[in-house]
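Secondary and tertiary structure notes
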Amino acid sequence: MTSLYWDENLAGAYRKFQFEFPEKALAGKTVIVAGGTGGLGAATVVRLALEGAHLIVGYRKNPERAGRLSDAIEKQFGRKLALVGGDIAEVEVRGKYLEAAAKIGAPLAGAAIFPGDPARVAWQDLDRESLLDSLGKNYVGPVLLARDLGDAMEKSSQGGSIVLLATMQAIAVFPSSLNYASPKAALVHAARILAQHWGRVRVNVIAPGATLAGMAAESIQSGKYDRHITSGAIPRFGRPEDIARTVRFFLEPDNYVTGQTLVVDGGLTLRRDRG
């Protein structure tokens, strides 16, 4: 008995060592990068612009920086960004992303959701308000936007991909990270629930380590993480390009991965106790 899903044409090609690796599979398709004007998000925008995707890029409260990124993309690639401003926890702002996608008209292939906040509050200053503020920025907003965009992609014949941004602190225990790491850990679990919920939409998470742009940049500049290079725990600090390449991997239209978290930290969470 032969499986109903067996593809003899593919099997025949594989026997001849003929494999298919499409290039620029996102060209001409729409991708949303919420929080895409910061260091990690901007690198992702450049990576996707290089591929020829139609880009909708969101920012929360820095239109000047968003404008500079848009100008840089147009100068480098001759492509305009569709910019969406505002807090993604607000339903009106989330609606603007879907409106922008409908206006472009090309299939919505995926979304990378970067918004968050380092939530640096001293242990003794933690209170109800600071914890709820971190929960809103690092969990509630990203989950609601993922839900809305995922529902839209699930209704299409092509489906799509959602990439959420967490942190290595959501995977491994670091001192004084309670109000930041806990909502991000919840985000990791939410991604698995969303991945289970949809059939045509994949959901994955990236957990960056100490990276030279984004939320860790200030700590790196202060020398806080120097000991990890000195001890040999990591060979270098992370770069925005490392994250952008990982996002692109998860956004690949025919990607076979869902419900997973990829820690991009150079091995820091594994070897941080060295030295």
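Residues numbered from 1 in each chain as written. Predicted model: local features only at pLDDT ≥ 70, side-chain atom pairs only at ≥ 80, totals over all residues. Heavy atoms only, no water.

Section: the side chain of R248
Along the chain, the position of R248 falls in helix α9 (residues 240-251). If sequence neighbours within four positions are ignored, R248 has contacts with A25, L26, R47, L48 and E51. (Helix = DSSP H or I, 4+ residues; strand = E, 2+ residues; numbered from the N terminus. Contact = heavy atoms within 4.5 Å.)

Quick word on the pairing of strand β3 (residues 82-85)
With 4 bridges joining them, strand β2 (residues 54-59) and β3 adopt parallel strand pairing. Note on β3: the bridge partner recorded for I56 is A82. Following the chain from β2 across helix α3 (residues 63-77) to the adjacent parallel β3, one finds a crossover that is right-handed. (Pairing = 2+ DSSP bridges. Right-handed = clockwise from strand over helix to strand, strands pointing away.)

Digging into the side chain of T30
Topologically, T30 is positioned in strand β1 (residues 30-34). With residues near it in sequence (within four places) discarded, T30 still touches H54, I56, A101, I104, A106, P107, L108, A109 and G110.

Things to note about the pattern of salt bridges
Side chains that carry opposite charge are capable of pairing whenever their charged atoms lie near each other. For the coordinates displayed, the defined rule picks out 11 salt bridges. In this structure, R120 engages E218 in a salt bridge whose closest nitrogen and oxygen atoms are separated by 3.9 Å. With R120 in the loop between β4 (108-113) and α5 (128-154) and E218 in helix α7 (residues 217-222), this residue pair connects regions lying 98 residues apart in the sequence. Judged by its relative accessible area of 48%, R120 is partly exposed. Taking the relative accessible area as the measure of exposure, E218 reaches 54% and is therefore exposed. Across the pair D242 and R236 runs a salt bridge, and its minimum N-O distance is 3.0 Å. On the basis of relative accessible area, R236 is assigned to the partly exposed category, the value being 33%. Connected through salt bridges with shared partners, the residues R47, E51, R248 and E252 form a single ionic network. (Salt bridge = Lys/Arg side-chain N within 4 Å of Asp/Glu carboxyl O. Buried < 20%, exposed > 50% of the residue type's maximum accessible area, 1.4 Å probe, protein only.)

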